There are 2 protein chains.
Amino acid sequence: MAKKAAQVPFIQSLDRGLTILQAVAMSKHPVNLGELAELLDVDRSSAFRLAQTLRRRGFLSTPAGRKDYILGSAIWTLSRQYDWSKMLVRVAHQELKDLAGGLNETAHLAVREGKNALFIDSVHARRVIAVAGQTGELVPLHATAHGKALLADFDDEELKDTFGSSLQKFTKTTITSFPALLKECQSIRQRGYATDEAEYMEGMRCIAAPIRLHDGSIVGSIGISAPATRFLKEHYAAHSKRVVQCAKKIGERLSITEETSDEEE
Amino acid sequence: MAKKAAQVPFIQSLDRGLTILQAVAMSKHPVNLGELAELLDVDRSSAFRLAQTLRRRGFLSTPAGRKDYILGSAIWTLSRQYDWSKMLVRVAHQELKDLAGGLNETAHLAVREGKNALFIDSVHARRVIAVAGQTGELVPLHATAHGKALLADFDDEELKDTFGSSLQKFTKTTITSFPALLKECQSIRQRGYATDEAEYMEGMRCIAAPIRLHDGSIVGSIGISAPATRFLKEHYAAHSKRVVQCAKKIGERLSITEETSDEEE
DNA sequence: TGCGATATTGCACTATACGCAATATACTTC
DNA sequence: GAAGTATATTGCGTATAGTGCAATATCGCA
């Protein structure tokens with residue numbers, strides 16, 4: 001019943017190496033030997049040899065001349081190989097299904113892609129009127145719930161960097177001024193979810209919440225959408241709660257490091 | 001004199017773990033135990049324990065139900081922490097300096113950022129007339145040498161995904177049709193470098209080459225720009241050669257896994 | 001120039017990671 | 001559905017790989 005812990009033994013030195021990697025990635029500053037040794041509670045020499053191995057493999061690097069460590073290009077190369085949206089889809093798909101099923105509406109998963117939100121997965125409930133926004137579709141960041149959820153942490157400067165001079169208008173409710181968008185971001189952070197009051201497509205309502213890693217960074221968004229005729233204002237309270245919950249659960253799953261999981265389909 | 005090899009011993013199991021990570025990242029398909037064991041030339045059981053350690057730490061993951069391995073979310077989380085453009089800057093800065101010094105013009109380093117190219121580093125030669133495009137500036141992908149270098153591998157679909165409906169016109173030479181842009185990409189792949197014939201700013205010429213990792217993927221671009229009055233057509237041959245060479249060298253450095261380096265500043 | 005902190009190397013000991021062989025599980029094939 | 005083959009997983013004794021200690025080298029600062 002209790003957690004039967006590590007039946008398969010950890011490979012100690014590999015485990016330590018990975019710990020170093022994560023510590024270095026996390027740290028805002030280059031990390032020196034002492035800190036690593038302390039972190040692992042091993043002798044400086046051991047930490048040294050571990051770090052050297054990582055460095056020779058390109059997973060760590062030493063800023064010109066210095067002796068302390070930062071992440072190396074190997075990790076970059078690694079992460080580029082992989083289609084990360086698949087990762088998100090994998091982790092989030094069950095939640096998406098539950099959400100769509102529970103509310104009997106269409107649920108979407110999106111990531112940021114430049115100026116747009118990209119839908120990378122969706123689950124449709126059994127409804128007569130299907131909703132727009134298929135997987136693969138790009139929609140503007142500033143005019144959709146998903147988009148705004150992805151923007152939630154942006155400040156004035158970042159917004160301007162992203163959008164350049166102006167915000168395109170799609171419907172009469174589209175937000176077209178930077179101050180208004182900034183304020184909207186603020187309130188999304190506050191509430192934990194974003195809404196779309198027909199700001200992109202007439203007659204469409206949508207709620208979306210940012211998916212955050214444990215460090216707070218936003219990596220995607222999850223939400224539901226439906227025609228305004230069906231998705232009424234009085235649904236907001238209940239629906240948003242569920243959406244936010246979903247986002248939170250996904251975020252936690254992404255951040256999990258030690259998997260206890262033995263999930264069967 | 002000869003390469004004095006690894007004086008600091010490799011931590012074997014860490015090294016093996018990293019090899020697994022890279023192999024899995026590289027592979028298009030999930031990787032199973034047998035392949036890992038063969039790759040490392042160790043017993044299945046050893047490979048198993050290494051892989052399990054990676055999995056428990058979230059660096060590997062097993063697709064629902066399956067037994068074989070794909071990359072896990074930990075790497076994603078890792079790579080998100082880090083400002084990768086800094087990595088590129090670090091690796092490329094010396095080359096940039098050499099390039100600017102050698103040709104006595106301004107050299108830039110850029111990465112793709114959505115619809116734009118973002119200048120992340122630049123070195124100015126000692127010239128009276130400074131050139132536009134400071135670090136931090138965003139310029140359109142389809143109308144600049146750097147931008148087009150970054151687009152070189154895009155196909156028709158990817159171009160349309162990126163730009164949406166239309167290509168903004170900046171000068172009379174700006175490419176504004178998708179077929180033309182696609183053709184331009186093709187010729188950039190062929191030649192290895194992109195040019196900008198005052199397509200964004202009047203009177204400006206620019207040459208840029210894509211920086212590719214060993215697997216061919218484009219991660220940035222490097223190039224030089226100058227007023228057309230100074231940067232003449234007859235310079236193209238010589239300059240482009242140098243720029244392409246630079247890009248190649250940077251790409252190699254980024255892909256390097258085993259560092260022999262002992263560079264002193 | 002010397003002192004304190006840090007990084008690096010050599011060496012001896014033992015815990016660790018290894019291969020082997022046994023077992024369990026998944027997947028064909030008849 | 002049984003037998004067979006490929007794969008994953010566990011247990012265990014042993015050799016080696018990784019450790020800490022201590023010596024040395026390098027750096028930074030006064």
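Residues numbered from 1 in each chain as written. Chains lettered and ligands numbered in written order. Predicted model: local features only at pLDDT ≥ 70, side-chain atom pairs only at ≥ 80, totals over all residues. Heavy atoms only, no water.

## Considerations on the sheet that holds strand β6 (residues 194-197) of chain B
Residues and elements named next belong to chain B.
- With antiparallel pairing, 6 strands are arranged side by side in an open sheet as β5-β4-β3-β8-β7-β6. Edge strands, defined here as strands with exactly one partner in the open sheet, are β5 (138-140) and β6. Taking each pair of neighbouring strands and ignoring which way they run, the sheet shows an average axis angle of 30°.
- Two elements, strand β3 (residues 106-113) and strand β8 (residues 218-227), share 5 bridges in a ladder whose sense is antiparallel. Pairing of Ala110 across the sheet is with Ser221, part of β8. (Pairing = 2+ DSSP bridges. Helix = DSSP H or I, 4+ residues; strand = E, 2+ residues; numbered from the N terminus. Axes fitted to C-alpha atoms, helices over the stretch in contact; angles between N-to-C directions.)

## What about the protein's contact with DNA strand D?
- Close contacts around DNA strand D come from 23 residues, with Arg16 and Ser46 of chain A together with Gln12, Leu33 and Phe48 of chain B the closest.
- Of all atoms in DNA strand D that approach within 4 Å of the protein, 73% are sugar or phosphate atoms.
- Phe10 of chain B places a main-chain nitrogen or oxygen 3.5 Å from a phosphate oxygen of DNA strand D.
- Of all the secondary-structure elements, those providing two or more residues to the surface near DNA strand D are α1 (12-26) and α3 (44-56) of chain A together with α1 (12-26), α2 (33-40) and α3 (44-56) of chain B. (Near = heavy atom within 4 Å. Polar contact = N/O pair within 3.5 Å; in protein donor to acceptor, adjacent residues only side chain to side chain.)

## Re the relation of the copies chain A and chain B
- Relative to chain B, chain A is turned by 179° and slid 0.0 Å along the rotation axis, the superposed coordinates differing by an RMSD of 0.1 Å. Overall, the copies show the geometry of a two-fold rotation axis.
- Residue by residue, 98% of the interface of chain A is reproduced at the interface of chain B, so both copies engage with the same surface. (Least-squares fit on C-alpha atoms with pLDDT ≥ 70 in both. Contact = heavy atoms within 4.5 Å.)

## Points about the protein's contact with DNA strand C
- Surveying the vicinity of DNA strand C reveals 21 residues, the closest of which are Ser13 and Phe48 of chain A together with Arg16, Ser46 and Arg49 of chain B.
- The sugar-phosphate share of atoms of DNA strand C within 4 Å of the protein amounts to 75%.
- Separating a phosphate oxygen of DNA strand C from a side-chain N or O atom of Ser46 of chain B is a distance of 2.3 Å.
- Arg49 of chain B is positioned with one of its side-chain polar atoms (N or O) 2.9 Å from a base oxygen of DNA strand C.
- Ranked by residues supplied to the surface near DNA strand C, first place goes to α3 of chain A with 4 residues.
- Taken together, the residues of the surface near DNA strand C break down into 6 nonpolar, 9 polar and 6 charged. (Nonpolar A, V, L, I, M, F, W, Y, C, P; charged D, E, K, R; others polar.)

## Section: the pairing of strand β6 (residues 194-197) of chain A
Residue and element names in this part refer to chain A.
- Sheet analysis places β6 next to strand β7 (residues 204-212), joined by 4 bridges and oriented antiparallel. Within the sheet, the bridge partner assigned to Ala194 lies in β7 and is Ala208.
- Count of turn residues in the β6/β7 antiparallel hairpin: 6 residues, of which Ala198 carries a positive phi of about 50°.

## Regarding unusual backbone geometry
- Backbone geometry at Asn104 of chain A places phi at a positive 55°, although glycine is not the residue there.
- Take Asn104 of chain A: its relative accessible area is 31%, and that puts it in the partly exposed class. (Buried < 20%, exposed > 50% of the residue type's maximum accessible area, 1.4 Å probe, protein only.)

## Details of the sheet that holds strand β8 (residues 218-227) of chain A
Residue and element names in this part refer to chain A.
- The strand order β5-β4-β3-β8-β7-β6 describes an open sheet built from 6 strands, whose pairing is antiparallel. Unpaired on one side and paired on the other, β5 (138-140) and β6 mark the two borders of the sheet. Across the sheet, the axes of successive neighbouring strands diverge by a mean angle of 30°, strand direction being ignored.
- Summarising the sheet, β7 and β8 pair through 9 bridges and their orientation is antiparallel. Paired with Arg212 across the bridge in β8 is Ile218.
- On the sheet, helix α5 (residues 84-103) packs against β3 (106-113), β4 (116-123), β7 and β8 and is oriented at approximately 60° with respect to β4.

## Quick look at a negative patch on the surface
- Together, Glu113 of chain A together with Asp155, Glu157, Glu158 and Asp161 of chain B line one region of the surface with negative charge.
- Per-element tally for the negative patch: the top contributor is helix α7 (residues 156-163) of chain B, with 3 residues.
- Accessibility expressed as a relative area gives 42% for Asp161 of chain B, which makes it partly exposed. (Patch = residues over 30% accessible without salt bridge, like charges linked within 9 Å, V, L, I, M, F, W, Y side chains within 5 Å. Areas by Shrake-Rupley, 256 points an atom, 1.4 Å probe, with all protein chains shown as cover. Salt bridge = Lys/Arg side-chain N within 4 Å of Asp/Glu carboxyl O. Lys, Arg positive; Asp, Glu negative; His and termini not counted. Charge placed at Lys NZ, Arg CZ, Asp CG, Glu CD.)

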